Structure formats: C-alpha cells, structure tokens
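Working through the structure, step by step
Listed below, chain by chain, are the residues.
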Amino acid sequence: MNDLHGYDIEDLRPGMQATYSKTITEADIVLFAAVSGDNNAVHTNEEFAATTRFGGRIAHGFLTASVISAAVANRLPGPGAVYLGQQMRFRAPVRPGDTVHATVKVLSVDTAKARAVLSTECRVKGVVVIDGEATVMTTSAAARQAAAEAAQAPLEQPGAPAPAKDQSQTPPQTVAA
C-alpha cells in the first residue's frame, strides 16, 4: 500500500473488488447541473420530466457514474489511482433519493505499466443501472523504491573529477626529507 492507504500495482490481483455507495440527493442533482452546465429538463423540471417515458425526474447519467469514480479513488485501487479510460452502458434510470452501489473488480493487472483493468457496475435496489470497464493507473512500490535509491545515489557527471575522499578517515602519512 502507498502512504495514503491506496493499493500499489504490486498489491492488486484479479478478482479483488470493492464497493462504494452514495444516495443521490436533490442537492446533488442541482449542483451537478450547475457545475456541468447540463440543465436538461428531464433532470431539473418535474413537470416536463413527468411527460417523458421516465414519468418523472432522473439523475444525470454522469452524476451516477461519478460513484464509480469514488469507488476507484476511495476503495480500489484507492488514493493515488488515476483514470485512463472508462467505457460504460447506461441500463436504467436513477431517481432522486436512490442509493447507488458502485462495485469495481480487478480484471487484469499490468505491473510493468502500473495499470489495471476493472469491471465497473452500479446497482440501485439490485438493478444494474450502469455497467462497463475502466482502465486505471496506480502507484507502484517498486517505482517509489527506485526513486528513493536514485535520490540517494551520488550525482556523478561525465568528465567531472571523482568526489574527494574523506580525509578524516585516512591515517596521517610521513614524508621522508
């Protein structure tokens, strides 16, 4: 694990999984609309949304998908992980007040590149609302160790004289006259 308790790439194994849950509130929807600029009436206007096939307001798809991001950032691999890609399918709507359970599961690990592929899934009341796959980069204990060793190695430059020896450890020499 890294200093922030995130999994290093060397810790990850296929089959590992974690879940993060969040209840989508009215405030979440309003704030997401403000931050994203997505003011689609199906998210923000109950009267209009009631006339759609959803029969009422639904949460933004990417607001729901952000629970996957929270699972990656806070659970698996955790702090230090960086998204490289996400493929997803939106399967069912999420409504204000629904609790989204995002589960991420390690499918494969590339230790040399410090990357992992995760299956991603969001469920509400047992129903899959989003599924897909993510590629993430995470921290590496081996890379930290190599960086620490490099930082401690003496800095030698080509053509520069060798560092002076510590004379305090050399016994005095007598010179004959």
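All chains use their own residue numbering, which begins from 1 and follows the written sequence. Per-residue local features of the predicted model are confined to residues with pLDDT of at least 70, and side-chain atom pairs are confined, for both listing and counting, to 80 or more; whole-chain, interface and lining totals are unaffected and use all residues. Derived side-chain values reflect all non-hydrogen atoms in the structure, with water molecules and hydrogen atoms excluded from consideration.

What to know about the overall build of the protein chain
Looking only at helices and strands, the protein chain has 5 helices and 5 strands in total. Strands here mean DSSP runs of E at least two residues long; helices mean DSSP runs of H or I at least four residues long; both are numbered from the N terminus. For the protein chain, the α and β elements follow one another from N to C terminus as β-α-α-α-α-β-β-β-β-α. Counting only residues that meet the buried cut, the protein chain has 28% of its 177 residues in that class. Should any heavy atoms of two residues lie within 4.5 Å, those residues are counted as being in contact. Long-range pairs, those at least 24 residues apart, make up 67% of the contacts in the protein chain with a sequence separation of at least 6. The protein chains shown are the only cover counted for residues, whose accessible areas, like all others here, come from Shrake-Rupley with a 1.4 Å probe. Accessible area of the protein chain: about 11,000 Å², with a carbon and sulfur share of 55%. Exposure is judged per residue with a 1.4 Å probe applied to protein chains only, and the accessible area is read against the type maximum: over 50% gives exposed, under 20% gives buried, and values in between give partly exposed.

Considerations on the packing of aromatic side chains
Ring geometry is summarised as follows: Phe, Tyr and Trp rings, the Trp one being its six-membered ring, pair when their centres sit within 6.5 Å, and such pairs are stacked at plane angles under 30 degrees, edge-to-face over 60 and tilted between the two. Taken as a whole, this structure holds 1 aromatic pair when the rule is applied. A ring pair is formed by Phe62 and Phe90, whose centres lie 5.8 Å apart and whose planes are at 65°; its orientation type is edge-to-face. With Phe62 in helix α4 (residues 61-74) and Phe90 in strand β2 (residues 82-90), this pair connects stretches of sequence that are 28 residues apart. In this structure Phe62 comes out as exposed when scored by relative accessible area, which is 53%. We call a charge positioned above a ring when the Lys NZ or Arg CZ atom is no farther than 6 Å from the ring centre and deviates by at most 35 degrees from the ring normal. Between Arg53 and the ring centre of Phe54, over which it is positioned, the NZ or CZ distance is 6.0 Å.

Remarks on the pairing of strand β4 (residues 115-124)
If DSSP finds at least two bridges between two strands, the strands pair. Here 9 bridges tie strand β3 (residues 99-110) to β4, and the two strands are oriented antiparallel to one another. Among the inter-strand pairings, Val109 is bridged to a residue of β4, identified as Ala116. Counted between consecutive antiparallel strands, the loop separating β3 from β4 contains 4 residues, among which Ala114 sits at a positive phi close to 55°. Bridge count for β4 against strand β5 (residues 127-137) is 10 bridges, and the pairing is antiparallel. Pairing of Glu121 across the sheet is with Asp131, part of β5. The antiparallel pairing of β4 with β5 creates a hairpin that spans 2 residues between the two strands, and Lys125 there sits at a positive phi of about 50°.

Some remarks on the environment of Thr64
Here Thr64 is to be found in helix α4. On a C-alpha basis, the gap between Thr64 and Val129 in space is 8.7 Å, while along the polypeptide they are 65 residues apart. Residues contacting Thr64, with those up to four places away along its chain left out, are Ala59, Val94, Val100, Cys122, Val129 and Ile130.

Comments concerning the layout of surface pockets
Points on a 1 Å grid over protein atoms alone make up a cavity when a 1.4 Å probe fits among them but cannot get out, and a pocket when they form an open set with protein on both sides within 12 Å along at least five of seven lines; lining residues each have an atom within 4 Å of a point. Grid points are joined across faces, edges and corners, and a volume is the space filled by probe spheres set on the points. By volume, the largest pocket amounts to about 200 Å³. Every residue lining the largest pocket is counted, 14 residues in all, and those nearest its centre are Ile58, Gly61, Phe90, Ala92 and Pro93. Each residue gets one label: Ala, Val, Leu, Ile, Met, Phe, Trp, Tyr, Cys and Pro are nonpolar, Asp, Glu, Lys and Arg are charged, and the others, such as Gly, are polar. Counted by class, the lining of the largest pocket contains 9 nonpolar, 4 polar and 1 charged residues.

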